[in-house]
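In case you want the letters, here they are:
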Amino acid sequence: MKCHRLNEVLELLQPYWSKKDPEMSLMQILQSIADEAGFDKPLAELSDEVIIYQLKMRDAGKFDPIPGIKKDYEEDFKTALLKARGIIK
């Protein structure tokens, strides 16, 4: 895991862990995240991508845009096309 990803996991994990149950062990917290994400493989196979995505999206609505894609998100298809062609900024 790269350093920036480790920092992101720790930054997202701290408030979740504090709110969920500070008395739980790290493995219990990771299992809880895996369960919420519907991850049914062994915990050793849980990737940092799953942890980061689940912690970012757990309180989001069903139709909310994914955080990494949100910056490019356009409500209007016509506006998105015009921006893609460089006609508008």
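What counts and how
Along each chain, the written sequence defines residue order, and numbers are assigned to residues from 1. Confidence filtering applies because this is a predicted model: local features only for residues at pLDDT of at least 70, side-chain atom pairs given and counted only at 80 or more, and all residues used for totals across whole chains, interfaces and linings. Excluding hydrogens and water, the side-chain values take into account all heavy atoms of the structure. Think of a nonpolar core as a cluster: buried Ala, Val, Leu, Ile, Met, Phe, Trp, Tyr and Cys residues, connected wherever their side-chain atoms sit within 4.5 Å. When accessible area is computed with a 1.4 Å probe and restricted to protein chains, residues below 20% of their type maximum are described as buried, those above 50% as exposed, and intermediate ones as partly exposed. Here a strand is any run of E in DSSP of at least two residues, a helix any run of H or I of at least four, and the numbering for each starts at the N terminus. A contact between two residues is defined here by any heavy atoms of the two lying within 4.5 Å. All axes here are fitted lines through C-alpha atoms, helices being fitted over the stretch that makes contact, and every angle between N-to-C directions spans 0 to 180 degrees. An angle below 35 degrees is read as roughly parallel, one above 145 as roughly antiparallel, one from 65 to 115 as roughly perpendicular, and any other as oblique. Each crossing gets its hand from how the near helix is turned against the far one by less than a right angle, where anticlockwise is left-handed and clockwise is right-handed. Residues are grouped as follows: Ala, Val, Leu, Ile, Met, Phe, Trp, Tyr, Cys and Pro are nonpolar; Asp, Glu, Lys and Arg are charged; every other residue, Gly included, is polar. Pairing of N or O atoms within 3.5 Å defines a polar contact, subject to two protein rules: one partner must be a possible hydrogen donor and the other a possible acceptor, and residues neighboring in sequence count only if both atoms are side-chain atoms.

An unreviewed UniProt entry annotates the protein as DUF1040 family protein of Alitibacter langaaensis DSM 22999.

## Description of the nonpolar core
Counting residues in hydrophobic clusters, the biggest one holds 12 residues: V9, L13, Y16, I29, L30, I33, A34, F39, L46, I51, I52 and L55. At the level of elements, helix 1 (3–20), helix 2 (26–37) and helix 3 (48–57) are the ones that each hand at least two residues to this core. When residues of this core are assigned to their parent elements, the largest contribution, four residues, is made by helix 2. Residues contacting L55, with those up to four places away along its chain left out, are L12, L13, Y16 and I33.

## Looking at the packing of helix 1 against helix 3
Viewed as axis vectors pointing N to C, helix 1 and helix 3 meet at an angle of 40°, and their least axial separation amounts to 10 Å. Here helix 3 runs oblique to helix 1, going by the angle between their axes. Taken as a pair, helix 1 and helix 3 cross one another with a handedness that is left-handed. Residue-level contacts link R5, E8, V9, L12, L13 and Y16 of helix 1 to D48, E49, I51, I52, L55 and K56 of helix 3. Looking at the contact of helix 1 with helix 3, its residues break down into seven nonpolar, no polar and five charged.

## So, the side chain of Q54
Along the chain, the position of Q54 falls in helix 3. Of the polar contacts made by the side chain of Q54, one reaches the side chain of E36; its length is 3.5 Å. The residues contacting Q54, other than those within four sequence positions of it, are I33, E36 and A37.

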